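# Fold and geometry: a report
Spelled out from the first residue to the last, the chains are:
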Amino acid sequence: MIDQDVTIEVWSDIACPWCYIGKTRFLSALDSFEHKDRVNVIWRSYQLAPETPVGEGRTELDALVEMKGMAPDQVRQMFAQVSTTAAEVSLNLNFDTVIAANTFDAHRLLHLAGDKQTELLDALFKAHFTDGRVIDDREELVRIAVSVGLDAETVREQLDSDAAAEAVSEDLSMARALQVSGVPFFVANRAIAVSGAQPEEVFLQLLTRASDPA
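Residues numbered from 1 in each chain as written. Predicted model: local features only at pLDDT ≥ 70, side-chain atom pairs only at ≥ 80, totals over all residues. Heavy atoms only, no water.

### As for the environment of Ile 42
- With respect to the secondary-structure elements, Ile 42 resides in strand E2 (residues 39–45).
- Separated by 32 residues in the primary sequence, Ile 42 and Val 10 have C-alpha atoms spaced 6.2 Å apart.
- Residues in contact with Ile 42, not counting those within four places in the same chain, are Thr 7, Ile 8, Glu 9 and Val 10. (Helix = DSSP H or I, 4+ residues; strand = E, 2+ residues; numbered from the N terminus. Contact = heavy atoms within 4.5 Å.)

### Observations regarding the sheet that holds strand E1 (residues 6–12)
- In space, the four strands of this open sheet follow the order E2-E1-E3-E4, with mixed pairing throughout. Single-partner strands in this sheet number two, and they are E2 and strand E4 (192–195). Taken over all neighbouring pairs, the strand axes of this sheet differ in orientation by 20° on average, direction set aside.
- Relative to E2, E1 runs parallel, the two sharing seven bridges. Directly across from Thr 7, in E2, lies its bridge partner Asn 40.
- Across the face of the sheet, helix H1 (residues 17–31) comes into contact with E1, E2 and strand E3 (185–188) while running at roughly 175° to E2. (Pairing = 2+ DSSP bridges. Axes fitted to C-alpha atoms, helices over the stretch in contact; angles between N-to-C directions.)

### Here's the deal with the pattern of salt bridges
- What the rule picks out here adds up to 18 salt bridges.
- Where Lys 116 meets Glu 119, a salt bridge forms, and the shortest distance between an N and an O atom there is 3.8 Å.
- Salt bridges linked by common partners bring Glu 9, Arg 44, Asp 171 and Arg 190 together as one network. (Salt bridge = Lys/Arg side-chain N within 4 Å of Asp/Glu carboxyl O.)

### Side note on the pairing of E3
- Here E3 shows two buried faces, one formed by Phe 185 and Val 187 and the other by Phe 186 and Ala 188.
- As paired strands, E3 and E4 are joined by four bridges and run antiparallel to one another. Along E4, the bridge assignment pairs Val 187 with Ala 193.
- Between E3 and E4, which pair antiparallel in sequence order, lie three residues; one of them, Asn 189, sits at a positive phi of approximately 50°. (Buried < 20%, exposed > 50% of the residue type's maximum accessible area, 1.4 Å probe, protein only.)

Here's what the structure looks like:
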């Protein structure tokens, strides 16, 4: 018997492949959790590279070579390892086409998506990592939003304003307060935390502990 409802807050960034993998593993664990109807999931914003210029259009390879000071072959090897792990949960990551992007507007859009948030998050991850779409281009964001059933004109107006900018900033501030230094980061009832794209069984343990803290 579950003792209490569970709130899981997940800090993640759309430009983070491990967040895509972690989201997939977590949702799979949640789907098999006996009391999943008592679990409320809140997706929160995080930016791994907030200084990324909007619209620059650089490849992810070039961006990481500069950011991390690694040789291109080292970065390609890292991409291959991540892609192999992603394939284990049926995700197709194509780093040859990934364009480095500033994710602030995409995070704003997620805050504005209402009950389409989880579906939109998946569409954004796929657009970025599989389809090579530029997710800091506002018209591209409109098209992605429309693909999950949101209204194009409403989304366009929201993105052209400052809508949800404060909400994103609040998520980033909360992450700093909780000393989140990497994502994905999962927090259950603000009491138990799990960091990283853990195996499903770890997420099941998190859900079980959070639902019965005694």
